[in-house]
Amino acid sequence: MKKLKTTVTLIQAPSDVDYTCPYCGERVIQDFEEFLDDQGLSWINFSDWQYEPIKCHFCENEIEVFYEFD
Ligand SMILES: [Zn+2]
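Now for a look at the structure at hand. (Residues numbered from 1 in each chain as written. Predicted model: local features only at pLDDT ≥ 70, side-chain atom pairs only at ≥ 80, totals over all residues. Heavy atoms only, no water.)

### Some details on the packing of aromatic side chains
Right, on to step 1. The full count for this structure, using the stated rule, is eight aromatic pairs.
Right, on to step 2. Relative to tryptophan 43, the ring of phenylalanine 32 has its centre 5.2 Å away and its plane inclined at 90 degrees; by these criteria the two rings are edge-to-face. Taken together, the residues phenylalanine 32 in helix H1 (residues 32–39) and tryptophan 43 in the loop between H1 and helix H2 (46–49) connect sequence positions 11 residues apart.
Right, on to step 3. Between tryptophan 43 and phenylalanine 46, the ring centres sit 5.0 Å apart and the planes meet at 50 degrees, which makes this aromatic pair tilted.
Right, on to step 4. Feature note: the residues Tyr19, Phe32, Phe35, Trp43, Phe46, Trp49, Tyr67 and Phe69 constitute an aromatic cluster, connected by ring pairs. (Phe/Tyr/Trp six-rings, centres within 6.5 Å; stacked < 30°, edge-to-face > 60°. Helix = DSSP H or I, 4+ residues; strand = E, 2+ residues; numbered from the N terminus.)

In C-alpha coordinates, the structure reads:
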(Lines give C-alpha, C1' and ligand atoms only; values in the text may rest on other atoms or scores of the structure.)
Protein backbone atom coordinates (compact mmCIF):
# COMPACT_ATOMS: atom_id res chain seq x y z
CA MET A 1 0.00 0.00 0.00
CA LYS A 2 1.27 3.46 -0.91
CA LYS A 3 2.24 5.60 2.06
CA LEU A 4 0.46 8.93 2.18
CA LYS A 5 1.98 12.08 3.60
CA THR A 6 0.79 14.62 6.10
CA THR A 7 2.23 17.57 7.95
CA VAL A 8 2.34 17.55 11.74
CA THR A 9 2.29 21.04 13.20
CA LEU A 10 3.95 21.33 16.59
CA ILE A 11 2.02 23.79 18.67
CA GLN A 12 4.28 25.58 21.05
CA ALA A 13 3.02 26.39 24.52
CA PRO A 14 3.88 29.85 25.84
CA SER A 15 6.94 29.95 28.14
CA ASP A 16 6.97 33.57 29.31
CA VAL A 17 4.83 36.68 29.23
CA ASP A 18 5.99 40.24 28.76
CA TYR A 19 3.85 43.33 29.27
CA THR A 20 4.16 46.89 30.50
CA CYS A 21 1.60 48.19 32.98
CA PRO A 22 -0.07 51.40 31.72
CA TYR A 23 -0.67 52.56 35.33
CA CYS A 24 2.67 52.17 37.11
CA GLY A 25 4.85 51.80 34.01
CA GLU A 26 6.54 48.65 35.29
CA ARG A 27 7.59 46.07 32.73
CA VAL A 28 6.56 42.60 33.80
CA ILE A 29 8.42 39.60 32.43
CA GLN A 30 7.12 36.47 34.05
CA ASP A 31 7.21 32.75 33.63
CA PHE A 32 3.91 31.78 31.98
CA GLU A 33 2.97 29.30 34.74
CA GLU A 34 3.70 31.98 37.35
CA PHE A 35 1.58 34.46 35.39
CA LEU A 36 -1.34 32.00 35.37
CA ASP A 37 -0.99 31.42 39.16
CA ASP A 38 -0.74 35.16 39.74
CA GLN A 39 -3.92 35.80 37.74
CA GLY A 40 -5.75 32.71 38.98
CA LEU A 41 -6.10 31.37 35.44
CA SER A 42 -5.47 28.11 33.69
CA TRP A 43 -4.12 27.74 30.16
CA ILE A 44 -6.74 25.20 29.23
CA ASN A 45 -9.48 27.88 29.53
CA PHE A 46 -7.61 30.49 27.47
CA SER A 47 -10.56 30.90 25.10
CA ASP A 48 -12.69 31.98 28.09
CA TRP A 49 -10.37 34.49 29.73
CA GLN A 50 -8.34 35.90 26.83
CA TYR A 51 -10.56 39.02 26.70
CA GLU A 52 -10.76 39.46 30.49
CA PRO A 53 -8.69 42.16 32.20
CA ILE A 54 -5.64 41.11 34.22
CA LYS A 55 -4.18 42.64 37.39
CA CYS A 56 -0.77 44.27 37.25
CA HIS A 57 1.85 42.16 39.07
CA PHE A 58 3.08 45.32 40.85
CA CYS A 59 0.26 47.84 41.45
CA GLU A 60 -2.67 45.41 41.05
CA ASN A 61 -4.66 47.78 38.85
CA GLU A 62 -6.89 46.08 36.32
CA ILE A 63 -5.55 46.24 32.77
CA GLU A 64 -7.41 45.51 29.54
CA VAL A 65 -5.25 43.14 27.53
CA PHE A 66 -4.73 41.86 24.03
CA TYR A 67 -2.60 38.74 23.70
CA GLU A 68 -0.17 38.39 20.86
CA PHE A 69 2.09 35.45 20.15
CA ASP A 70 5.75 36.09 19.56
ZN1 LIG B 1 1.07 48.43 37.56
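Still to come is the rest of the account.
### With respect to the layout of surface pockets
Right, on to step 1. Approximately 660 Å³ is the volume attributed to the largest pocket.
Right, on to step 2. In this structure, the largest pocket is lined by 22 residues; those nearest its centre are Asp16, Val17, Glu68, Phe69 and Asp70.
Right, on to step 3. With four residues, strand E1 (residues 16–20) is the largest single contributor of residues to the lining of the largest pocket.
Right, on to step 4. Here the residues of the lining of the largest pocket sort into 15 nonpolar, two polar and five charged. (1 Å grid on protein atoms, 1.4 Å probe; cavity = no way out; pocket = protein on both sides within 12 Å on 5 of 7 lines; lining within 4 Å. Points joined across faces, edges and corners; volume = space filled by probe spheres on them. Nonpolar A, V, L, I, M, F, W, Y, C, P; charged D, E, K, R; others polar.)

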